[in-house]
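Understanding the architecture of this molecule
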Amino acid sequence: FTFGTVDILETYTLHSIDNIVYEDLSLRDIFESGNLVVNNDFSDGTIGWTTSSNSFTVTNGIANVIETTGDRGTLQSILSSSIENNNIYYCYRLKINSLSGGTIDFRLIDNSYNVRLYVTNNTIGDWVNVSNIFNVTSTVERILFIDSASGLTWNIELDYIYLLNLSNLFTTAPTQTQ
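What comes next is a walk through the structure.

Cut-offs applied
- Residues numbered from 1 in each chain as written.
- Predicted model: local features only at pLDDT ≥ 70, side-chain atom pairs only at ≥ 80, totals over all residues.
- Heavy atoms only, no water.
- Helix = DSSP H or I, 4+ residues; strand = E, 2+ residues; numbered from the N terminus.
- Buried < 20%, exposed > 50% of the residue type's maximum accessible area, 1.4 Å probe, protein only.
- Contact = heavy atoms within 4.5 Å.
- Areas by Shrake-Rupley, 256 points an atom, 1.4 Å probe, with all protein chains shown as cover.
- Core = buried A, V, L, I, M, F, W, Y, C linked by side-chain atoms within 4.5 Å.
- Pairing = 2+ DSSP bridges.
- Axes fitted to C-alpha atoms, helices over the stretch in contact; angles between N-to-C directions.
- Salt bridge = Lys/Arg side-chain N within 4 Å of Asp/Glu carboxyl O.
- Phe/Tyr/Trp six-rings, centres within 6.5 Å; stacked < 30°, edge-to-face > 60°.

Attention now goes to the overall build of the protein. What the protein contains, in helices and strands, is two helices and 15 strands. Counting over 178 residues, the protein shows a buried share of 44%. Within the protein, residue pairs in contact and separated by at least 24 positions form 74% of the contacts whose partners lie at least 6 positions apart. When the accessible surface of the protein is split by element, carbon and sulfur atoms take 47% of a total near 9,200 Å².

Laid out in structure tokens, this is it:
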């Protein structure tokens, strides 16, 4: 099984199904070192994130965004470095507390258009874990959660998000987080 240009089975030592170690680094260490989203777990509150919605708070590392005006509500973050013509892996944990129709989309944004990567299944009140690999064919500079149409009201919670450039993941050595 190949991850980018690295053969996982030759490089990693599998201790258990949940514990992959590379030169004494956990998979979590590798994710933290390669993540392009600033403050991806909201441990620093709202730093690195902006919103056009009328309420954005962080409590216990969970972002809560409320849109009640009916405008196109957004939650977005500029990436720590842009991605251009590479495969990316993304994963996040999202809960929709309320939604008056439409969907909440996850998008990659470049200078000329945005790429709609995932449309929520609109399950109200359940945490949803989303992950995928996507080939970026332009230069992406930020990520965005947005409602699918104007006139919607909604409330979402976001626990974390990781966005990894698979092409660059192992070009610099990951560092261990404690």
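Let us keep going from here.
Okay, the nonpolar core next. The biggest cluster of nonpolar side chains holds 31 residues, and the ones touching the most others in it are W49, Y92, I143, L158 and L163. Broken down by element, the residue count for this core peaks at six residues, all from strand β10 (residues 87-99). With residues near it in sequence (within four places) discarded, I143 still touches V37, W49, L75, Q76, S77, L79, F106, R107, L108, I161 and L163. Counting six residues, the second-largest nonpolar core is a separate cluster that includes F31, Y89, C91 and L164.

Inspection of the sheet shows strand β9 (residues 74-84) paired to strand β14 (residues 139-147) by seven bridges, in the antiparallel sense. Note that in β14 the partner of S77 across the bridge is I143. The pairing of strand β11 (residues 104-109) with β14 spans six bridges and is antiparallel. Across the sheet, I109 pairs through a bridge with R142, a residue of β14.

Taken in spatial order, the five strands line up as β7-β8-β15-β10-β13 in an open sheet, and their pairing is antiparallel. The open sheet has two free edges, formed respectively by β7 (55-59) and β13 (127-135), since each of these has just one partner strand. Pairwise comparison of adjacent strand axes, ignoring direction, gives a mean angle of 25° for this sheet. Pairing analysis gives five bridges linking strand β8 (residues 62-67) to strand β15 (residues 154-165), with the strands arranged antiparallel. Its bridge partner being in β15, E67 is matched across the sheet by W154.

Time to look at the pattern of salt bridges. For the coordinates displayed, the defined rule picks out three salt bridges. Of the charged contacts, one joins D159 and R93 as a salt bridge, the two residues approaching to 2.8 Å between their closest N and O atoms. A residue pair is termed long-range when its members are at least 10 positions apart, and D159 in strand β15 and R93 in strand β10 qualify at 66 residues. The closest approach of N and O atoms between R107 and D105, which form a salt bridge, is 2.8 Å. D105 matches R107 in its accessibility class, with the two residues each being buried.

Turning our eyes to something else, we now look at the packing of aromatic side chains. Summed over the entire model, instances satisfying the criterion amount to seven aromatic pairs. For the pair F106 and F145, a centre-to-centre distance of 5.0 Å together with 35° between the ring planes defines the contact as tilted. One end of the pair, F106, is in strand β11; the other, F145, is in strand β14, and 39 residues separate them in sequence. Relative accessible area serves as the criterion here: at 2%, F145 is assigned to the buried category. An aromatic cluster of three or more residues is present, and its members are Y90, Y92, F106 and F145.

On their own, these measurements won't tell you what the molecule is for.
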